[in-house]
Structures are given as C-alpha cells and as structure tokens.
Amino acid sequence: MAKITLSHVVKAYTNEVKAVDDLNLEIQDGEFMVLVGPSGCGKSTALRMIAGLEDITGGEISIGDRVVNNLAPKDRDIAMVFQNYALYPHMTVEQNLAFGLQLRGTPKPEIKKRVNDAAKMLGLEQFLKRKPAALSGGQRQRVAMGRAIVREPQAFLMDEPLSNLDAKLRVSMRASLNQLHDRLGVTTVYVTHDQIEAMTLGDRVCVLREGKLQQVDTPQNLFDNP
Ligand code: ADP
Ligand code: ADP
C-alpha cells in the first residue's frame, strides 16, 4: 500500500492542447480514488502517467516515498487492469494468473499459494484449468483482476475495467470490487466515465474537466453539493 501524489502534473500531446493541466491530487494509503469525467477529459492520460505508460510533460508523481517520473512501469510496483482484459488466449486461467510471478522469479510454492488465494477470492476456483475462450466476460475480467492481485503491488490502477460488461454484470462486479477493496485495502486509482460507478466505488471521487481538476470529495459530499 502506498500514497500516490500528483503535483502540478501536466501532459501536452501537442502544443495547443493540454490533456492534463496542472493536476494536484493526493491519494491516501489504502484509498479507493475514482477519476471521473466526460470522454476526453484526461482520465486515462492521468492514469497512464501514474503507471508510467505515458511520459509526463511537467510536474511530479510519487508513489510511496519515491518520485517515479523517470521509473519504468515495471519498477513502479503497481498493477494495472484494462477494459480489454489482455489475457493470454493459449494459457489456462491458472497459467494466466501465475505468468507474471514466474517472470519475476517468485518461488513455485509461493506462486501456487497466491494463485489459489486469488482464485478463491474471485470465485474462479472451478475455472483454473479453462482457457479464456471458455469463460464469460465477467469471468475473464475476474481473471484480469486476479493477475493484478497475485502481484501484491503497492497500488492498483484500473482503466474502465467494467465497461465491456453488460449492465447486470457491472452491478455484481461493482459489489465484488467493493469487497476486494475492503479485504485487501490496496490503494486504487480507478478511471470511469460512469457516475454511478464512481459514486458506488470511490472513497473519494475526483471530477476532471478538460484536463483540470474540477472537484474532489467523498461521494456523499459530491451528491449533496453537485
Ligand atoms: P479520457 O480518458 O478522459 O477519455 P484521454 O486521457 O484519453 O481522456 O484524452 C485526453 C485528451 O488527450 C483528449 O483530447 C485526447 O484526444 C487526447 N489524447 C489522448 N491520447 C493522445 C495521444 N496519444 N496523442 C494525442 N492526443 C491524445
Ligand atoms: P480511451 O478513452 O479508453 O482511452 P480511446 O479510443 O479514446 O480510448 O483511446 C485509445 C488509444 O488512443 C489510447 O491509447 C489513447 O491514448 C490514444 N488516443 C486517444 N486520443 C488520441 C488522439 N487524439 N491522437 C492519438 N492517439 C489518441
């Protein structure tokens, strides 16, 4: 778990437009922070800069007590979950969950333990030997989350992870995400354009507009003072 701090963060893809414009945000240790706003407001860009997938034009980002501006994504001790799952189609669920840990040289018994714990937490135990093609969309998204969980990172970064699911599944996945966060307490930054998702998931919600921070507060306070 770690605090994430954005200090005067700027992203300019071109000279005219700043996708993120002087963003200041402190995400507390263990907090679930949702970045919300209309398409194009800079949510993904902000998240991708925290992840190290996008260079930062100005300002400073730190994770824990380290400034990460110049750190590669793999050195940031974060795990990212995308909307398109990014599972390996030729591997079983179990292999998908284990793969990242194998690459890092985690000892086999430790891998087994973490994979089994994550599968149990996500209700995937009976699907461990299946390949992604034989899973539903919701199950695939659980595997994608499982891959993040087994890493035991300092923070989870999630970019619209539920947007490919139908409405009913989104509701049940929201509940699962809440439970997971209560249980693991890992600092989470979650991007969505869906206000309901923002209000039900966030400890706090950060509203962005044209790259700028418009409001940041608890769902209750945002609801009372829109
Ligand atoms: P959101 O996630 O809120 O939909 P983005 O962060 O994807 O917004 O985009 C913010 C702004 O930056 C938009 O105007 C978008 O067109 C622009 N943008 C995003 N990625 C790039 C890129 N790789 N090159 C140029 N402009 C980009
Ligand atoms: P999202 O809103 O989920 O980021 P998009 O379709 O807007 O999805 O963007 C898909 C990819 O294209 C992202 O990697 C984003 O950075 C990039 N992108 C978005 N807008 C632009 C743009 N104006 N020019 C170049 N790349 C862009």
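Predicted model only: the values in this text are computed from it and were never measured.

Caption draft 1: Up close: the overall build of the protein. A tally of regular secondary structure across the protein gives 7 helices and 10 strands. Whereas a compact globule of 226 residues would reach a radius of gyration of roughly 17 Å, the protein reaches 17 Å, a difference of no more than 12%. A buried classification covers 49% of the 226 residues belonging to the protein. Placing the 28 positive and 27 negative side-chain charges of the protein at their respective mean positions leaves the two points 9 Å apart.

Caption draft 2: Structural context of the pattern of salt bridges. Counted according to the given criterion, the structure contains 9 salt bridges. In this structure, Glu152 and Arg114 form a salt bridge, with 3.7 Å as the shortest nitrogen-oxygen distance. Of this pair, Glu152 sits in the loop between α4 (137-150) and β7 (155-159) while Arg114 sits in helix α3 (residues 108-121), and the two are 38 residues apart along the sequence. Of the residues examined, Glu152 reaches a relative accessible area of 51% and is grouped as exposed. When salt bridges with common partners are traced through the structure, they connect Glu110, Arg114 and Glu152 into a single cluster.

Caption draft 3: Spatial organisation of the packing of α3 against α4. One way to put it is that α3 packs onto α4 with a least axis distance of 9 Å and a crossing angle of 135°. The orientation of α3 with respect to α4, classified from their angle, is oblique. When you trace α3 past α4, the crossing you get is right-handed. Side by side, α3 and α4 meet where Arg114, Val115 and Ala118 of the first sit next to Gly146, Ile149 and Val150 of the second.

Caption draft 4: Molecular detail of the sheet that holds strand β2 (residues 18-27). If you walk across this open sheet you meet the 4 strands as β2-β1-β4-β5, and the pairing is antiparallel. Two strands close off the open sheet at either side, each with one partner strand: β2 and β5 (66-67). Looking at chain direction, strand β1 (residues 4-12) and strand β4 (residues 58-63) are connected through 5 bridges and run antiparallel. The partner of Leu6 across the bridge, within β4, is Ile61. The strands touched by helix α1 (residues 43-51) are β1, β2 and β4; relative to β1, the strand with the most contacts, the crossing angle is about 120°.

Caption draft 5: Seen up close, unusual backbone geometry. We note that Asp77 has phi near 55°; this positive angle belongs to a residue other than glycine. Position of Asp77 relative to the elements: it lies in the loop between β5 and β6 (78-81). With phi around 45°, Glu160 is a residue other than glycine that occupies positive phi space. For Glu160, the location among the structural elements is in the loop between β7 and α5 (167-184). Among the residues examined, Glu160 registers a relative accessible area of 11% and is labelled buried.

How each quantity is defined
- Residues numbered from 1 in each chain as written.
- Chains lettered and ligands numbered in written order.
- Predicted model: local features only at pLDDT ≥ 70, side-chain atom pairs only at ≥ 80, totals over all residues.
- Heavy atoms only, no water.
- Helix = DSSP H or I, 4+ residues; strand = E, 2+ residues; numbered from the N terminus.
- Rg over C-alpha atoms; globule rule 2.2 N^0.38 Å.
- Buried < 20%, exposed > 50% of the residue type's maximum accessible area, 1.4 Å probe, protein only.
- Lys, Arg positive; Asp, Glu negative; His and termini not counted.
- Charge placed at Lys NZ, Arg CZ, Asp CG, Glu CD.
- Salt bridge = Lys/Arg side-chain N within 4 Å of Asp/Glu carboxyl O.
- Axes fitted to C-alpha atoms, helices over the stretch in contact; angles between N-to-C directions.
- Parallel < 35°, antiparallel > 145°, perpendicular 65-115°, else oblique.
- Left-handed = near helix turned anticlockwise from the far one by under 90°.
- Contact = heavy atoms within 4.5 Å.
- Pairing = 2+ DSSP bridges.

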